[in-house]
Amino acid sequence: MQGQTIDATNTESSHHDAAVSHHEAHPDHRLFGLFMFLVAEGMIFMGLFGAYLTYRSTIPVWPPAGTPELELLLPTVNTSILIASSFVMHNADTAIKKNDTKGMRLWLAITALMGAVFLAGQVYEYSHLEFGLTTNLFASAFYVLTGFHGLHVTIGVLAIVAVLWRSLTPGHYSNKNHFGIEAAEIYWHFVDVIWIVLFGLLYLL
């Protein structure tokens, strides 16, 4: 009986060593894949920004005559919330690297809430704009750019909620295993940077 126990222990140890060896032989490329995905998404946004700047530089009057001016207060508040949420999200990553699971969950929840507030502010702005999608070229560009970005914010919020949900499983994330949190953070920073560029193009220039 004792011999069977020793054999079972040795078998488990062998399986663990084999798993470690397999991991070392096949390094984790998930972050590389994420960065490649973000590069592709960034190229789409750059194409949209390039089209917008082309319209702006070739049309004599921009925005076209009769286009109501955009309000700055709400978008500025929304921008502040989104930028601040990046720092909050970073706190979640810092917390899990210290094995502070409760702190990580708290920061994730706050980040998701801030993202939801940003989206709610965008919906409120849409409902009060005095132009529609087909009013003129500026209006169309405005809705396409902000709407496409809003879609990415929505995906980011859902990703954060998914990470938060998975963190409820004891031991799912730790200081040695936190790829999900790191990936969500990188994506969220990407969304923030894109919005800063978009805010400057649409509201400030």
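First things first, this report covers the structure right here in the doc. (Residues numbered from 1 in each chain as written. Predicted model: local features only at pLDDT ≥ 70, side-chain atom pairs only at ≥ 80, totals over all residues. Heavy atoms only, no water.)

A word on helix 3 (residues 73–97). Under the 1.5 Å per step criterion, the end-to-end length of helix 3 is 37 Å for 25 residues, consistent within 8% with the ideal 36 Å. Phi for asparagine 99, located one or two positions after helix 3, is positive at around 60°. (Helix = DSSP H or I, 4+ residues; strand = E, 2+ residues; numbered from the N terminus. Expected span 1.5 Å × (residues − 1).)

This part takes up the packing of aromatic side chains. Under the definition given, this model contains 18 aromatic pairs. Relative to tryptophan 62, the ring of tyrosine 52 has its centre 5.6 Å away and its plane inclined at 75°; by these criteria the two rings are edge-to-face. With tyrosine 52 in helix 2 (residues 30–58) and tryptophan 62 in the loop between helix 2 and helix 3, this residue pair connects regions lying 10 residues apart in the sequence. Its relative accessible area of 2% is what places tyrosine 52 among the buried residues. Taking the centre distance of 6.0 Å and the plane angle of 75° together, the rings of phenylalanine 142 and tyrosine 203 count as edge-to-face. Taken together, the residues phenylalanine 142 in helix 5 (residues 137–166) and tyrosine 203 in helix 6 (residues 179–204) connect sequence positions 61 residues apart. A connected cluster of aromatic rings, assembled from ring pairs, spans Tyr52, Trp62, Phe118, Tyr126, Phe131, Phe138, Phe142, Tyr143, Trp195, Phe199 and Tyr203. (Phe/Tyr/Trp six-rings, centres within 6.5 Å; stacked < 30°, edge-to-face > 60°. Buried < 20%, exposed > 50% of the residue type's maximum accessible area, 1.4 Å probe, protein only.)

Along an α-helix, a turn takes 3.6 residues, which lines up residues three or four apart on a common side. The end-to-end C-alpha separation of helix 6 is 37 Å, in line with the 38 Å expected for 26 residues at 1.5 Å each. Of all 26 residues making up helix 6, 20 are buried, and the element is well covered by its neighbours.

Our next topic: unusual backbone geometry. That bond from tryptophan 62 to proline 63 is cis: its omega, -5°, falls within 30 degrees of zero. Along the chain, proline 63 turns up in the loop between helix 2 and helix 3. Its identity is not glycine, yet asparagine 99 carries a phi of approximately 60°, on the positive side.

One finds Tyr52, Met104, Phe131 and Phe142 to be the most contacted residues of the largest nonpolar core, which totals 46 residues. Here the element with the most residues in this core is helix 6; it accounts for 16 residues. If sequence neighbours within four positions are ignored, phenylalanine 142 has contacts with Leu70, Glu125, Tyr126, Leu129, Phe131, Gly147, Leu202 and Tyr203. (Core = buried A, V, L, I, M, F, W, Y, C linked by side-chain atoms within 4.5 Å. Contact = heavy atoms within 4.5 Å.)

A word on the packing of helix 5 against helix 6. For the pair helix 5 and helix 6, interaxial distance at closest approach is 10 Å and the crossing angle is 160°. Taken as axis vectors, helix 5 and helix 6 run roughly antiparallel relative to one another. As for how helix 5 packs across helix 6, the hand of that crossing is left-handed. Of helix 6, the residues touching helix 5 (which contributes Phe142, Leu145, Thr146, His149, His152, Val153, Ile155, Gly156, Val157, Ile160 and Val163) are Gly180, Ile181, Ala184, Tyr187, Trp188, Phe190, Val191, Ile194, Trp195, Leu198, Leu202 and Tyr203. In the contact of helix 5 with helix 6, the residues fall into 18 nonpolar, five polar and no charged. (Axes fitted to C-alpha atoms, helices over the stretch in contact; angles between N-to-C directions. Parallel < 35°, antiparallel > 145°, perpendicular 65-115°, else oblique. Left-handed = near helix turned anticlockwise from the far one by under 90°. Nonpolar A, V, L, I, M, F, W, Y, C, P; charged D, E, K, R; others polar.)

On inspection of all chains with the given rule, the structure shows one salt bridge. A salt bridge links lysine 97 to aspartate 93, with the shortest nitrogen-to-oxygen separation between them at 3.0 Å. Taken together, the residues lysine 97 and aspartate 93, both in helix 3 and four residues apart, mark about one turn of the helix. (Salt bridge = Lys/Arg side-chain N within 4 Å of Asp/Glu carboxyl O.)

Turning our attention to the side chain of aspartate 93. The class of aspartate 93 is buried, set by a relative accessible area of 4%. Here aspartate 93 is in contact with His178, Ile181, Glu182 and Glu185, once residues within four sequence places are set aside.

Right, let's get into the environment of leucine 137. As for its position among the elements, leucine 137 is in helix 5. Placed 73 residues apart in sequence, leucine 137 and proline 64 show a C-alpha to C-alpha distance of 7.7 Å.

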